[in-house]
Amino acid sequence: MKILITGGAGFIGGNLCRRLLAEPAITQVRVIDDLSGGTRDALDGLNVEFHHGSILDQDVLGAAGDGVDAIVHLAALGSVPRSVSNPVASHEANATGTLRVLETARANGNAHVVLASSSSVYGANPTMPKAEHLQLMPMSPYAVSKVATEQYAIAYAKCYDLPVLPFRFFNVFGPGQRPGHVYAAVVPVFLEAALTGKPLPINGDGLQSRDFTYVGTVVDTLTQAILERVTSGPTNLAFGTRTTLLELVSVMEEILGTTLSIERREPRPGDVRHSQASNDELRKHFPGVQPVDLRNGIDATVRWMQEYLEVQG
Ligand code: NAD
């Protein structure tokens, strides 16, 4: 089986490459990435065929996708605040980019496509937990671009019989998720601050909650989806946990054996207040999946972050 991972040099992509290469049924892993967010280091020591370029560049994407059996489409401009600053860039990479990837799958004998959508599509809908049938109420250009991502996939399934599986990721964290850039996610931002003796920045009151999902669990599920060629409508990839940012800080304090200080900042426009997945749909397709819990996941991430910060100097 030949697999193409778009955005394979990013956080989830790098972890997924490593995981897929351990599968005997997978004979080749290819990556297309423009390195706008990811780095070549994420693929250090991995036997992948790397195509440097954008999914919006037909020549590069066509070569990367030639003859593949499946595509895991992760390439995107992540982050709600980034999309609020530059909605057109987010639309082009995330919505138009997805269309290009689906066309590539269609041109390659209807390759299976597993895609990354996001919990942000639920947006302002207050119903909890977030079940897939709920009305989508996106609150940011990023969220709208992810609605487009998953709905284009569903349209391709209907119109062209393309085998697709759009996953709605919630807050994925773990080794390989880098801090130090303006759009970094909350776990690496907190851990970098904690390990360098700085206060942890919290937007708002810290009582906003998230369904944190460990990256190892995410890539195990993606791997199973590819190997078993699972198809479905949009499916949450999270396990129904609900952790406030203040609780996250407490878990970090326990693991690090220290008290951490907090710096309060203004709430961010476009951010949702609470997020918790229903995982009935996921369980239907992947009954055996065993999620790594928050404490063990943070523990592994702390160890990775310590090494990362040491190398960075
Ligand atoms: P990431 O930013 O680490 O990885 C995305 C990768 O895509 C980067 O390597 C970047 O260089 C690449 N990329 C961006 N635009 C591109 C383009 N036009 N052409 C080629 N490559 C391009 O993000 P991640 O955390 O690994 O997320 C992977 C996917 O999952 C994204 O689609 C993201 O929106 C989605 N997602 C992630 C989370 C999370 O918590 N990490 C939550 C919800 C959804």
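Above this text is the structure in question.
Peer 1: Which residues make up the nonpolar core, and what values do they have?
Peer 2: With 36 residues, the main nonpolar core has I12, F167 and F169 as its most contacted residues. If you list the elements that add at least two residues to this core, you get β1 (2-6), α1 (11-21), β2 (28-33), β4 (70-73), β5 (112-118), β6 (164-169) and α7 (215-227). The element best represented in this core is α7, accounting for six residues. Every residue in contact with F167, bar those within four places of it in the chain, is listed here: V114, L115, A116, S117, S118, T221, L222, A225, T235, L237, L282 and F286. Counting residues in hydrophobic clusters, the runner-up holds 24 residues, among them F212, L245, I255 and L309.

Peer 1: Got a sec to walk through the site of the ligand? Specific residues and values, please.
Peer 2: Taken together, 26 residues are adjacent to the ligand, and I12, D33, Y142, K146 and V172 come closest. In this structure, an oxygen atom belonging to the ligand sits 3.0 Å away from a main-chain N or O atom of G38. A distance of 2.8 Å separates an oxygen atom of the ligand from a polar atom in the backbone of V172. If you list the elements that add at least two residues to the shell around the ligand, you get α1, β5, α5 (141-160) and β7 (171-173). Here the shell around the ligand gets three residues from one element, more than from any other, and that element is β5.

Peer 1: Give me the lowdown on the sheet that holds β2, citing residues and values where you can.
Peer 2: Within a sheet, adjacent strands bond to each other through the backbone by hydrogen bonds, running parallel or antiparallel. Read across the open sheet, the seven strands follow the order β3-β2-β1-β4-β5-β6-β11; overall the sheet is parallel. On the outer flanks of this sheet lie β3 (49-52) and β11 (235-237), each paired with one strand and no other. Ignoring strand direction, the axes of neighbouring strands in this sheet form an average angle of 20°. Both β6 and β11 contribute to a ladder of three bridges, which runs parallel. Its bridge partner being in β11, F167 is matched across the sheet by T235. Against the sheet, helix α2 (residues 58-65) contacts β1, β2 and β3, and its axis sits at roughly 170° relative to β2. Lying on the sheet, α5 is in contact with β5 and β6; it crosses β5 at an angle near 155°.

Definitions and limits used
Residues numbered from 1 in each chain as written. Predicted model: local features only at pLDDT ≥ 70, side-chain atom pairs only at ≥ 80, totals over all residues. Heavy atoms only, no water. Core = buried A, V, L, I, M, F, W, Y, C linked by side-chain atoms within 4.5 Å. Buried < 20%, exposed > 50% of the residue type's maximum accessible area, 1.4 Å probe, protein only. Helix = DSSP H or I, 4+ residues; strand = E, 2+ residues; numbered from the N terminus. Contact = heavy atoms within 4.5 Å. Near = heavy atom within 4 Å. Polar contact = N/O pair within 3.5 Å; in protein donor to acceptor, adjacent residues only side chain to side chain. Pairing = 2+ DSSP bridges. Axes fitted to C-alpha atoms, helices over the stretch in contact; angles between N-to-C directions.

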